[in-house]
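Secondary and tertiary structure notes
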Amino acid sequence: MPESMSAATSDARSPMHSFPTICTPRGPVPRAAPRWNRQRSSSMPSHRYRSAFDRVAVPLTGRSWPQARIERAPLWVPVDLRDGNQALAEPMDTPRKRRMFDLLVAMGFKEIEVGYPSASRTDFDFVRHLATSGAVPDDVTVVVFTPAKPDLIDRTFASVAGLDRVVVHLYIATAPVWREVVLGRDRAEVHGVVLDAARRMDRLARARPGADIRFQFSPEVFNLTEPDYILEICDSLTELWDASPDRPVVHNLPATVEIATPNVYADQIEYMHRHLARRDAVILSVHPHNDRGTGVACAELAVLAGAQRVEGCLFGNGERTGNVDLVNLALNLHAQGVDPMIDFSDIDEIRRTVEHCNRLPVPPRHPYGGDLVYTAFSGTHQDAISKGFARRADSASELWEVPYLPIDPADVGRTYEAVIRVNSQSGKGGIAHLLRTGHGVDLPAGMRAEFSRTVQEATDDSGAEATGKDLWNLFEAAYLVPGRDGGVALASWSAQTGPAGEHRFVCTLRVDDREGDYEGTGTGPVTAFADALAAAGVEAAVLELSEQHPDGAGTTTAYARCRVGGEERWGAGRDASGVAASVAAVLSAVNRARG
């Protein structure tokens, strides 16, 4: 084995190994860099790439989109069955496509791209299945996708025979690199191909006068195409198809490969919004991808800039880093008080269906739909959420104002059980919240910090999350067991009230295996018990005592803070009798202090 490989293998096995393929930047600190930023030039070949501003012009002035607000949902068009399906290692068969289609219909989508019928027999057969099975409701429009090729356009129209409401979606790549490298055509030639395809589509649609067939055009890689060229093509199609407000054309402007910050895409969309001919006869649509991780921002800014329709996928499935995520977009509106016009009230069933159909998992941190997105492990977050829930319980307001939770988990079918979960990062507020909601144990404020240290020691040792059951077991072992079974224990006892209101506590007490009879007096049964303990040689001053009202099973929980031999300790007890619970709490504190 070569020496270098042996060394690398040895390093890889060490937990503190260095990474030989990664080199800390050693270039110069840029001359204009401020003193607080000492980052150095790296060896990454960034010079090979041009900025978006060097690749496409955006002749826009006087932007209006930064001042706009989204006050209503755009028309959402899921492309899971076409664009999303094309991105799967194992494309959906008809049963999985049908399950996805039924989900989309149930959620309330009214325009659904259902396939690329000329791309495969499976896609063609699925569109025929929809046409012949009666699966498409009267108020749902299906969209089918076709390239600008005569035979494929014909096959696309054949697939939708029998469907009454259809959008036929024509696409061609228009950006310079695609024209030159992929198509081998110049601007005029590509425009000619588009016009020929559009005329063919128009003839085929006219041959079905009883059907509502509309048209859509996508200049693929719009965001890298010259704006004047896109306007030229789109306006010519609007005229050729004789678009009107009653029969509008869809011009869909894809960010097929993200190349710039979202504000650039917004500028491009606003330019088109201002300059498209017959604007009231055009539905301006966008189709952002997520190559830069900003697909959601691109879509939102595009709507601010004039887009009326958004294509994407549930949970963002799609080529490379995916299509824009419609779940994220729609629930962002919901969180701003805008009706998304789509039903996400059972997000877990939606996620399960999408995972089944795509055979891809939804990450646990995925916005709104992931397993952990409504869960707090951090102590400060838990404390704030717990206080938010408590305030909400005391308020008559419908407004949702709970820290760290942008929406009410119940809106999407989640319960509150998993909102707070405990590990070594958790704090006293979260631990107390789980004990209160899961077991009816409401720890006094002063006791929470003490018990949280017990929990943290356990989770630090295990490295694992502590479930609600784990917390209860820790609480029982730390507080309830010492009150029942410790070095100081009651064999028998009784509490009586004298004629003058004084309390008398008579007991048989075992202290370190020595048993004796003792009694004490006080202003209450617990202080009388403390007096009896003193008679047995156990000094215990009760500094704080509280009782929690009986739960559904009639059990009282008592909490006592005591000073025992110079040590302050909390104790807890549970019993059907409030006095018995309080006595057990004092015994718990005593035994915990004595070790």
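Residues numbered from 1 in each chain as written. Predicted model: local features only at pLDDT ≥ 70, side-chain atom pairs only at ≥ 80, totals over all residues. Heavy atoms only, no water.

Here we come to the overall build of the chain. Counting secondary structure elements, the chain contains 19 helices and 14 strands. In summary, the chain has a C-alpha radius of gyration of 35 Å against a globular reference of 25 Å for 595 residues, an excess of more than 25%. Projected onto its principal axes, the C-alpha coordinates of the chain cover approximately 105 × 65 × 55 Å. Residue burial in the chain is summarised as follows: out of 595 residues, 48% are buried. At a minimum sequence separation of 6, the contacts of the chain that also span at least 24 residues come to 66%. In the structure as shown, the chain presents an accessible area of about 28900 Å², 50% of it carried by carbon and sulfur atoms. (Helix = DSSP H or I, 4+ residues; strand = E, 2+ residues; numbered from the N terminus. Rg over C-alpha atoms; globule rule 2.2 N^0.38 Å. Buried < 20%, exposed > 50% of the residue type's maximum accessible area, 1.4 Å probe, protein only. Contact = heavy atoms within 4.5 Å. Areas by Shrake-Rupley, 256 points an atom, 1.4 Å probe, with all protein chains shown as cover.)

Each aromatic ring pair is characterised by the separation of its centres together with the angle its planes make. Counted according to the given criterion, the structure contains 12 aromatic pairs. Look at F222 and Y265: their rings are 6.4 Å apart centre to centre, the planes differ by 70°, and that puts the pair in the edge-to-face class. Here F222 is found in the loop between β5 (212-220) and α9 (227-240), whereas its partner Y265 is found in helix α10 (residues 262-275), with 43 residues between them in sequence. Look at Y265 and you get buried, because its relative accessible area is 3%. Through a chain of ring-to-ring contacts, the aromatic side chains of F451, W472, F475 and Y479 assemble into a single cluster. (Phe/Tyr/Trp six-rings, centres within 6.5 Å; stacked < 30°, edge-to-face > 60°.)

Let's shift gears to the UniProt feature "domain: Pyruvate carboxyltransferase" (unreviewed entry) in the chain. Mapped onto this structure's residue numbering, the UniProt feature "domain: Pyruvate carboxyltransferase" (unreviewed entry) falls at residues 74-348. Here residues 74-348 is 44% helix and 19% strand, with 24 Å between the C-alpha atoms at its ends. (UniProt positions renumbered as here; feature names shortened; annotations may be inferred.)

In this section: the environment of R274. Mapped onto the elements, R274 comes out in helix α10. The class for R274 is partly exposed, based on a relative accessible area of 39%. Between the C-alpha atom of R274 and that of A572, which follows or precedes it by 298 residues, the distance is 71 Å. Apart from residues no more than four positions distant in its own chain, R274 is found in contact with L60, T61, G62, R63 and S64.

Before going further, it helps to spend a moment on the pairing of strand β8 (residues 309-312). Going residue by residue along β8, you find R309 and E311 tucked away on one face and V310 and G312 tucked away on the opposite face as well. Relative to β8, strand β1 (residues 75-78) runs parallel, the two being bridged by 4 bridges. Looking across to β8, one finds that W76 is bridged to V310. Following the backbone out of strand β7 (residues 282-288), through helix α11 (residues 295-304) and into the adjacent parallel β8, one traces a crossover that is right-handed. (Pairing = 2+ DSSP bridges. Right-handed = clockwise from strand over helix to strand, strands pointing away.)

Looking now at the sheet that holds strand β10 (residues 503-511). The 3 strands are arranged β9-β10-β11 in an open sheet whose pairing can be described as antiparallel. Each of the sheet's edge strands pairs with one partner strand only, and the pair in question is β9 (488-497) and β11 (514-522). Here the strands of the sheet are splayed against their neighbours by 15° on average, with no regard to which way each runs. Helix α18 (residues 525-535) rests against β9, β10 and β11 of the sheet, and its axis sits at about 135° to β11. Against the sheet, helix α19 (residues 578-594) touches β9 and β10, its axis set at about 145° to β9. (Axes fitted to C-alpha atoms, helices over the stretch in contact; angles between N-to-C directions.)

Attention now moves to the pairing of strand β6 (residues 249-255). Burial runs high along β6: 7 of the 7 residues are buried. Here β6 shows two buried faces, one formed by V249, H251, L253 and A255 and the other by V250, N252 and P254. Bridge count between β5 and β6: 2 bridges; the pairing is parallel. Across the sheet, residue F217 finds its bridge partner in β6, namely H251. The parallel pair β5 and β6 is bridged by α9, and the resulting crossover is right-handed. Relative to β7, β6 runs parallel, the two being bridged by 7 bridges. Across the sheet, L253 pairs through a bridge with V286, a residue of β7. Between the parallel elements β6 and β7, the chain passes through α10 in a crossover that is right-handed.

What follows is about the packing of helix α17 (residues 468-484) against α19. For the pair α17 and α19, interaxial distance at closest approach is 7 Å and the crossing angle is 105°. Here α19 runs roughly perpendicular to α17, going by the angle between their axes. Of the residues in α19, those touching α17 at A478, Y479, P482 and G483 are A584, L587, S588, N591 and R592. Grouping the amino acids of the contact of α17 with α19 by side-chain chemistry returns 5 nonpolar, 3 polar and 1 charged. (Parallel < 35°, antiparallel > 145°, perpendicular 65-115°, else oblique. Nonpolar A, V, L, I, M, F, W, Y, C, P; charged D, E, K, R; others polar.)

In terms of nonpolar packing, the biggest core is built from 103 residues, with W76, V114, I269, L314 and F344 touching the most fellow members. For this core, the leading source of residues is helix α8 (residues 187-206), giving 8 residues. Contact partners of W76, with chain neighbours within four places excluded, come to F109, E111, V310, L326, L329, A330, L333, P340 and I342. Counting 25 residues, the second largest nonpolar core, distinct from the first, contains V511, A528, V538 and A589. (Core = buried A, V, L, I, M, F, W, Y, C linked by side-chain atoms within 4.5 Å.)

In this structure, F315 takes a positive phi of about 65° despite not being glycine. In this structure, F315 sits in the loop between β8 and α12 (326-335). A residue is classified by how much of its surface remains accessible, and F315, at 9% relative accessible area, is buried. Phi is positive for Y404, which is not a glycine, with a value near 70°. Counting through the fold element by element, Y404 comes out in the loop between α14 (379-393) and α15 (428-439).

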